[in-house]
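Below are the chains, spelled out letter by letter.
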Amino acid sequence: MTELVATTPGLFPLPDWAKEELSDLKGHQKSDLVSGDEGAAIADAYDQVRTELVETQTDAGLDRVTEGQGRWDDMLAHPLAVHDAVETRGIVRYYDNNNFYREPVVTGDLTPSGDVAAELDAAAALVDGGLQTTLPGPYTLSDLATDEHYGDEFLEAVAEFLAAEVDAFPDHETLFLLEPSLVETAPANGVDERASAALDTVAAATDAEVVVQPVYGAVEEKTYAHLMDADVDAIGFDLVADHEQNVYNAQEYGTTDSVSLGVVDGQNTLVESPETVRERFAWFDGQIAAEFDTAYLTANTELFYLPVNKATAKVEALAAATELEEVEA
C-alpha cells in the first residue's frame, strides 16, 4: 500500500502586508539583509512571514512542512545571491515568466554560508516533526548562475557547496531538490551524467528522504535515464504540464521506489478539489506496473506565482486528498 504524503515544493507567495512592509524597508530594491536598525526590521518582518507560512501549512494538515522561503527574492538563485563570494549583477528573467532575479556571478570559493540552515533552524522551532527542506538542485543552480572562478568544474563545485549547506541543516524528514533547468535547459551530452553525479553529492549529505523534482514539464528521455542513476529516494513527475511524457519516461525507464507527483497547478488560480488530486494520483498509479513505497502529492511548480489565498486553498486540497478513500484508476 503506497503511503501518500501531502507536501509542497515551498517558495510560497509573500503575504500582502509583507510585500508592502518589506518594499518600504528595502527602499523598493531587492537587497540582502543589511546591518543596523533597518536590517533588524527586515529580519523581524521575515520572522513574521516564516511563522505565518508555517502556520498556513500546519493548519492545512500537510504531512511535510517547509520553511516557506519567503526571503528568497531571487527564487532558486537565492543560496548564491546571498553568498559573500558572489556578485549580483543585472536582472534576469526567471525561466519563461514575468518573474525576475538578480544574476549571481561566482567570483570566489563557494565556502559554506549557513544561510539556509539558519532559516531552517528558525522553522524547526515552529514545526512539530515533518520538517521538509528545499534547495535548488545543483544543475539548476549552476544554470541560473554565471561562473568567473571555477571553469569546467563549476557544476561539481556547486554540488559540493550545496552538500556543505545541507550538512548544517537541522533534523529534517525530506529534502526537495528542485531542478527546473533539467526541463527548461536540458543538459548536453556528458553533462547529463555529471548532473546525476552532482545530485549524488548533495544527497549523500543527508540521511533524510531525497526527492528530485523537475519543474515545468518533463525531462528528455536521455536526461531521465541518467536521472534514474542518481542515488535519490524519489523522482518527481509533473502531471499538470506534461503528464503523457512523464508517464512514458516512467514506463520506458522505470521509476524510483518512491515518487513525487505534481498534481496541482502552481501557476493557475483554479483550485483543484481533493477528489481531483486523488484521481490524478490514481491515474498515474494505474499506468505504472509497480507499487510505490511513498507518493509525495505536491504542486507541480513553486507556489510564489499564486495569490496567497489560492496557494492556501491548494495546500488544503493536497492535505485533504490524502484522507480520502482509495480511488480506482
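These figures come from a predicted structure and were not determined experimentally.

The next thing to look at is the pairing of strand β10 (residues 294–299). Side-chain direction in a regular strand flips from residue to residue, so the side chains alternate between the two faces of the sheet. With 6 of its 6 residues buried, β10 lies for the most part within the structure. Strand direction decides the pairing type here: strand β9 (residues 258–264) and β10, joined by 5 bridges, are parallel. Across the sheet, the residue bridging to V259 is A295, located in β10.

Moving on, we come to the packing of helix α10 (residues 243–253) against helix α11 (residues 274–287). Orientation of α10 relative to α11, taken along the N-to-C sense of each, is 35°, at an axis distance of 10 Å. Crossing of α10 over α11 shows right-handed handedness. Residues H243, V247, A250 and Q251 of α10 pack against W283, F284 and Q287 of α11. Its residues assigned to classes, the contact of α10 with α11 comprises 4 nonpolar, 3 polar and no charged.

Tallied over the full model, the rule gives 12 aromatic pairs. Judged by centre distance (6.0 Å) and plane angle (85°), the rings of F176 and Y296 are edge-to-face. With F176 in strand β6 (residues 174–178) and Y296 in strand β10, the pair connects residues that are 120 residues apart, well separated along the chain. Judged by relative accessible area, which is 0%, F176 ranks as buried. A network of ring pairs unites the aromatic residues Y94, Y95, Y101, Y216, F304 and Y305 as a single cluster.

Strand order in the open sheet made by the 7 strands is β1-β10-β9-β8-β7-β6-β4, with parallel pairing throughout. Because the sheet does not close on itself, it has two edges, and the strands there are β1 (3–6) and β4 (132–136). The mean inter-strand angle of the sheet, taken between neighbouring strand axes irrespective of direction, is 25°. Along the sheet face, α11 touches β1, β8 (234–238), β9 and β10 and points at about 135° away from the line of β9.

Two side chains bearing opposite charge may form a pair once their charged atoms approach each other closely. Under the counting rule described, the total for this entry stands at 12 salt bridges. R280 is paired through a salt bridge with E272; the nearest N and O atoms lie 3.8 Å apart. We classify R280 as partly exposed; its relative accessible area is 30%. Take E272: its relative accessible area is 11%, and that puts it in the buried class. A salt bridge links E272 to K314; its shortest N-O distance comes to 2.9 Å. Within this pair, whereas E272 is found in the loop between β9 and α11, its partner K314 is found in helix α12 (residues 308–321), the two being separated by 42 residues in sequence. Each of D47, R50 and E67 takes part in salt bridges that share partners, so that together they form one network.

Scoring rules and cut-offs
- Residues numbered from 1 in each chain as written.
- Predicted model: local features only at pLDDT ≥ 70, side-chain atom pairs only at ≥ 80, totals over all residues.
- Heavy atoms only, no water.
- Buried < 20%, exposed > 50% of the residue type's maximum accessible area, 1.4 Å probe, protein only.
- Helix = DSSP H or I, 4+ residues; strand = E, 2+ residues; numbered from the N terminus.
- Pairing = 2+ DSSP bridges.
- Axes fitted to C-alpha atoms, helices over the stretch in contact; angles between N-to-C directions.
- Left-handed = near helix turned anticlockwise from the far one by under 90°.
- Contact = heavy atoms within 4.5 Å.
- Nonpolar A, V, L, I, M, F, W, Y, C, P; charged D, E, K, R; others polar.
- Phe/Tyr/Trp six-rings, centres within 6.5 Å; stacked < 30°, edge-to-face > 60°.
- Salt bridge = Lys/Arg side-chain N within 4 Å of Asp/Glu carboxyl O.

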